[in-house]
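Understanding the architecture of this molecule
Each chain, written out:
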Amino acid sequence: MIDEVFMLRAIELAKNGVGKVNPNPLVGAVIVKDGMIVGEGYHMYYGGLHAERNAIASCKSKDDLIGATLYVTLEPCCHYGKTPPCTEAILQSGIKEVVIGSRDPNPLVAGKGSGILRENGIIVHEDFIKDKCDEINRVFFHYITKKTPYVVMKYAMTMDGKIAASNGKSKWITNESSRMRVQDMRNSLMGIMVGIGTVIADNPMLTCRIEGGRNPVRIICDSGLRIPLESQIVKTAGSIKTIIAFCGGETGKAEELKRSGCELIRTGQKDGHVNLTELMQILGKMGIDSLLLEGGGELNFGALSEGLVNEACVFVGAKIFGGTAKTPVGGTGVCDIENAFGFLLENVEKFDSDVLLTYLRGD
Ligand SMILES: NC(=O)c1ccc[n+]([C@@H]2O[C@H](COP(=O)([O-])OP(=O)(O)OC[C@H]3O[C@@H](n4cnc5c(N)ncnc54)[C@H](OP(=O)(O)O)[C@@H]3O)[C@@H](O)[C@H]2O)c1
């Protein structure tokens, strides 16, 4: 009898890898014998041993594995990557039954991992609590199939839909708890991207302020290299990876930025700005599997228009600004309701009097 409890535990274990395994998947594994957990493991860091091997290694004795059942959130790999195939470790261990949550869309594994186990006499169950297992690897599934970053557009707005006061200042629309949640996002996604308008208005650092957390790669969309050399971003580019995406000619400013430690990416032009679709392809090739798009409104519209936004995280602060201040998505807007960018509501979280609405792209 296979039991949900053990897969739910494997999912919890997998989440320990958040922010550490990208662009690899989050994976958790639990080994069960006679109804008791005898081994547990998860994929801990990029290039490290996979969850199945860590779970096998955690068992006190080899006898624990004989006839045991392995619960694993993602189909076991069957190819040589940074580590040897997990299917080999499972076959050598004595495990007799494997319960898999998500199927691996990676063409090197898809269907082959479970196939090898079956061919060697292991009882294999697939798609067990699949939705919950799939949920933790949205980034991986997107990246492995599309080869571009999974983009999460995040913004904080007032109850009347403003992202800054009329003087352009946006600190702070939301409370401390909401802002801590944003730090979790910065820690879990590999990159953070803003437009030059936001850098000029706010002079942000765009770092992760969680103790022991990881700074995302900072990407600034700045077609004509307007970024001030004295901005916090440029001043800290020597120690925090920073990419300036532009689409003009190479100038003396480009050289100065490179000397400050910035990496420059030149794209073609799209409506006079950085070509975001091309930029996503370049970032994907660099191994960046996910991006937090932190605005502002002009860049958000650019990304939406090019169909690059996969998820939207909308914080609503309990304040009203009124007037004609900026809204989360600017640009020319859509001319008709039929052309609206459609989303599906995924989750609602409350942080004191703030709310976080998470939406997934609806197509
Ligand atoms: N509340 C919030 O969550 C939040 C978050 C962020 C910002 N903000 C506020 O928003 C304001 C800034 O927003 P903003 O809309 O003025 O600026 P923005 O979106 O940060 O930057 C816009 C600029 O980005 C550049 N860009 C490069 N490639 C682009 C592309 N493909 N599509 C669109 N733009 C591209 C363009 O200038 P070039 O072509 O010259 O490069 C454009 O003018 C500030 O007041 C800031 O405080 C609020």
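Just above, that's the structure.
Residues numbered from 1 in each chain as written. Predicted model: local features only at pLDDT ≥ 70, side-chain atom pairs only at ≥ 80, totals over all residues. Heavy atoms only, no water.

Observations regarding the pattern of salt bridges
Worth spelling out the cut-off: In the sections that follow, a salt bridge refers to a side-chain nitrogen of Lys or Arg positioned within 4 Å of a carboxyl oxygen of Asp or Glu. Only DSSP runs of H or I covering at least 4 residues are called helices, and only runs of E covering at least 2 are called strands; the numbering of each starts at the N terminus. Buried residues are those whose accessible area, probed at 1.4 Å on protein chains only, stays under 20% of the maximum for their type, while exposed residues exceed 50% and partly exposed ones sit between those limits.
Within this structure, the stated rule accounts for 15 salt bridges. Residue arginine 9 is joined to glutamate 40 by a salt bridge in which the shortest nitrogen-to-oxygen separation is 2.7 Å. Within this pair, whereas arginine 9 is found in helix α1 (residues 4–14), its partner glutamate 40 is found in strand β2 (residues 36–42), the two being separated by 31 residues in sequence. Here glutamate 40 falls in the partly exposed class, since its relative accessible area comes to 27%. Residue arginine 118 pairs with glutamate 126 through a salt bridge whose shortest N-O separation is 3.0 Å.

Considering the sheet that holds strand β10 (residues 263–266)
Applied cut-off: The criterion for strand pairing is that DSSP finds at least two bridges linking the strands in question. Only the contacting stretch of a helix is used when fitting its axis, a line to C-alpha atoms as for every element, and angles between N-to-C directions run 0 to 180 degrees. In what follows, residue pairs with any heavy atoms lying within 4.5 Å of each other are defined as contacts.
Taken in spatial order, the 9 strands make up an open sheet running β10-β9-β8-β7-β13-β6-β14-β16-β15, and their pairing is mixed. Looking at the sheet topology across the chains shown, the edges are occupied by β10 and β15 (343–351). Taken pair by pair, the neighbouring strands of this sheet meet at an average axis angle of 20 degrees, ignoring direction. One ladder, built from 3 bridges, connects strand β7 (residues 191–195) with strand β13 (residues 290–293); its direction is parallel. By the bridge assignment, glycine 191 is partnered in β13 with leucine 291. Helix α6 (residues 138–146) contacts β6 (150–157), β13, β14 (311–316), β15 and β16 (354–361) of the sheet and is inclined by roughly 135 degrees relative to β6.

Notes on the site of the ligand
For the record, the criterion: The cutoff for a nearby residue is simple: one of its non-hydrogen atoms must lie within 4 Å of the molecule or strand. Two N or O atoms count as a polar contact when they lie within 3.5 Å, although within protein this holds only if one can serve as hydrogen donor and the other as acceptor, and sequence-adjacent residues are included solely when both atoms are side-chain atoms. Here the open area of atoms and residues is found with the Shrake-Rupley method and a 1.4 Å probe, where only the protein chains shown may cover a residue. Gly is put with the polar residues, along with every residue not named as nonpolar or charged; the nonpolar set is Ala, Val, Leu, Ile, Met, Phe, Trp, Tyr, Cys and Pro, and the charged set is Asp, Glu, Lys and Arg.
The environment of the ligand is made up of 28 residues, and the closest members are Ala156, Gly168, Thr198, Ser223 and His273. Between the ligand and alanine 156 there is a distance of 2.8 Å, counted from a nitrogen atom to a backbone nitrogen or oxygen. In this structure, valine 274 approaches the ligand through a main-chain N or O atom, which is 3.0 Å from a nitrogen atom. Contact with the protein chains removes 89% of the 920 Å² of surface that the ligand exposes when unbound. Examining the composition of the shell around the ligand, we find that 5 residues originate from one element, helix α8 (residues 196–202), more than from any other. Of the residues that constitute the shell around the ligand, the class distribution is 11 nonpolar, 11 polar and 6 charged.

With respect to the sheet that holds strand β3 (residues 69–74)
What the 5 strands build is an open sheet, ordered β2-β1-β3-β4-β5; its pairing is mixed. The two strands at the open ends of the sheet, each matched to only one other strand, are β2 and β5 (123–125). Each strand of the sheet is rotated relative to its neighbour by a mean of 15 degrees, with strand direction disregarded. As defined by bridge partners, strand β1 (residues 28–33) adjoins β3 across 4 bridges and the pair is classed as antiparallel. Bridging from a neighbouring strand, isoleucine 31 pairs with leucine 70 of β3. Of the strands in this sheet, β1, β2, β3 and β4 (97–102) are in contact with α1, which crosses β1 at around 145 degrees.

Here we look at the nonpolar core
The following threshold applies: Remark: nonpolar core denotes a set of buried residues (Ala, Val, Leu, Ile, Met, Phe, Trp, Tyr, Cys) joined through side-chain atoms within 4.5 Å.
Of all hydrophobic cores here, the largest spans 31 residues; its most connected members are Ile220, Ile227 and Leu264. The element best represented in this core is β6, accounting for 3 residues. Apart from the residues lying within four places of it in its own chain, the contact partners of isoleucine 227 are Ile196, Val199, Ile220, Asp222, Ile233, Val234, Ile244, Lys253 and Leu257. Among the nonpolar cores identified, the runner-up in size contains 30 residues, and Met153, Met157, Met190 and Leu299 belong to it.

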